[in-house]
Amino acid sequence: MKKIACIILAAGKGERMKSDTPKVLHPLCGRPMLEYVFELAKDLKIKKPVTVLGHRHQEVRKSLSPGEKVVIQKRLAGTADAVKCALSALKGFKGTVLVLYADIPLLRKDSIDKLLKYHIENNVDATILTAQLDKPSGYGRILRDKYSSVLGIVEEKDADDFQKDIKEINTGIICFKSESLSEGLKYIRPNNRKKEYYLTDIISILYKKGKLIDSVRISDTDEALGINSRSELAKANALMQKRINEDFMQKGITIVDPDSTFISYGVKIGRNTTIYPFTVIERGVKIGKRCFVGPFAHLREGTELKDDVTLGNFLEVVRSKISSKTIAKHFCYLGDSRIGQNVNIGAGTVTANFDRGKKSITEIKDRANIGSDTIFVAPVKIGKGAITGAGSVVTKHTKVKDWTAVAGVPARVLKKR
Ligand code: UD1
Ligand code: CA
């Protein structure tokens, strides 16, 4: 393919989110939406996309890898102004310029490949990725002339009633011939309700100059979902979750009820593991093969389960490593723990891992037997094959020796096994 440059627009305020967090950092399935767009650019093999930051740019920048090419849009004067800022960083680049918006995270590589292929093969000046929506409100509408050629895009705020009825929308993704983009940008004026420089105005400008404008329609309209509000965020989140769960099922993991199972992006799960309903598994968690998790389990960051682990109902696990064949079947809190193999953890076990701002570790060695309702006031160490009696409170800095039974409050040694 010819040379392709990519611009990612991420400078906007995201006012409709009514958020203290910059819009593009809001997560979908545990991952900031901006990261999905970066991954897309990477999958397309685009070397160095130029990302335009503006609103709270220091904060957004921190979430990017250090090598990313970034430009700052000083005044948020609209999408055309943002593209202009990016062009200055592309320094006379000649070829195809693909514009991506950071608030459209569901796009798939195939759809953009199709768009680029069409654009390049047909030597088009501007090719718009469009979608046909039953409910097009909120999006820019595609205007066509009597020969059905695209003649412009009108934003919803500036559209008349007739135009509002148009169901073909601008997804926001457009690719340009670099010369036509630079040329067209010069003529954009902020003559609209928002008094912004709209990138979308470039279409009618190029049309009037006799340039070739065309469009490619996206087949799966869900991909085009732009996130401007919290309800769109929830919708996109649900769609992304569906993809993630589908992918796990394809890889041989049983998800009993995908609609009530929430697994973050990037989680790893081994084959033949079963996840029961109402389970939340957060980013970075690793689960081995043949495990059982849930129902109503919450596995948080830093959790690692080896093979054949069973974690039953009503438990929370965080920053914990659990080795193979260990079982915790009923309500538990395991935080900052290191648990060996073949350990049986009784109902109601709690690691009291947090003390005045400090988190401490609970270590439980292989084949230990933890009685129901045991409380570990960390840091504690429980030896190999050791036993705690029901209701024991194992106090801070206790080291229970291998094959020893303890019980009571505080737990005292009963006997060597
Ligand atoms: C935009 C399109 C609209 C399209 C829709 C698709 C324009 C004028 N309108 O509308 O036709 O149907 O996307 O989702 O382009 N941004 C900047 N700098 C700015 C303003 C915005 O970088 O000064 C960035 C935002 O961070 C965002 C993207 O550009 O990632 C789009 O801006 P947004 O305000 O969300 O545009 P929409 O109203 O959704
Ligand atoms: Ca948007």
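What counts, and at which threshold
Residues numbered from 1 in each chain as written. Chains lettered and ligands numbered in written order. Predicted model: local features only at pLDDT ≥ 70, side-chain atom pairs only at ≥ 80, totals over all residues. Heavy atoms only, no water. Donors = N, O, S within 2.8 Å, 3.2 Å for Na, K, Ca; no water. Helix = DSSP H or I, 4+ residues; strand = E, 2+ residues; numbered from the N terminus. Buried < 20%, exposed > 50% of the residue type's maximum accessible area, 1.4 Å probe, protein only. Patch = residues over 30% accessible without salt bridge, like charges linked within 9 Å, V, L, I, M, F, W, Y side chains within 5 Å. Areas by Shrake-Rupley, 256 points an atom, 1.4 Å probe, with all protein chains shown as cover. Salt bridge = Lys/Arg side-chain N within 4 Å of Asp/Glu carboxyl O. Lys, Arg positive; Asp, Glu negative; His and termini not counted. Charge placed at Lys NZ, Arg CZ, Asp CG, Glu CD. Polar contact = N/O pair within 3.5 Å; in protein donor to acceptor, adjacent residues only side chain to side chain. Contact = heavy atoms within 4.5 Å. Arc of directions from axis to C-beta. Near = heavy atom within 4 Å. Nonpolar A, V, L, I, M, F, W, Y, C, P; charged D, E, K, R; others polar.

A few words now on the coordination of the calcium ion (ligand 2). The protein atoms that coordinate the calcium ion (ligand 2) are D103 (OD) and N228 (OD1), at distances of 2.2 to 2.4 Å. Of the two residues, D103 is situated in the loop between β6 (96–101) and α4 (109–121) and N228 in the loop between β11 (213–217) and α8 (230–250); the sequence distance between them amounts to 125 residues. Residue class for D103 comes out buried when judged on its relative accessible area of 13%. Its relative accessible area of 18% is what places N228 among the buried residues.

With that settled, consider a positive patch on the surface. On the surface, a cluster of positive charge is made up of R16, K157, K164, R193 and K195. Position of K157 among the secondary structure elements: in the loop between β9 (150–154) and α5 (161–164). Looking at K157, the relative accessible area reads 49%, which means it is partly exposed.

Summarising the element assignment, T351 is placed in strand β26 (residues 350–352). Relative accessible area serves as the criterion here: at 2%, T351 is assigned to the buried category. Engagement of the side chain of T351 in a polar contact is seen with the backbone nitrogen of G335, the distance being 2.8 Å. Other than its neighbours up to four places away in sequence, T351 contacts Y333, L334, G335, T362 and F376.

Bringing helix α6 (residues 178–185) into the picture now. Of the residues making up α6, those classed as buried are S178, S180, L181, G184 and L185. All buried residues of α6 project into a common sector of 165 degrees when viewed along the axis, lining one side. At its buried positions, α6 is contacted by α3 (79–90), β6, β10 (168–177) and α7 (202–208).

Ligand 1 sits among 24 residues. The nearest are G12, Q73, G140, E155 and N170. Here an oxygen atom of ligand 1 and a backbone polar atom of A11 are 3.0 Å apart. For ligand 1, an oxygen atom lies 2.8 Å from a polar atom in the backbone of G12. About the coverage of ligand 1: the protein hides 93% of its 760 Å² of free accessible area. Mapped onto the shell around ligand 1, the elements with two or more residues apiece are β1 (4–10), α3 and β10. Classifying every residue of the shell around ligand 1 gives eleven nonpolar, nine polar and four charged.

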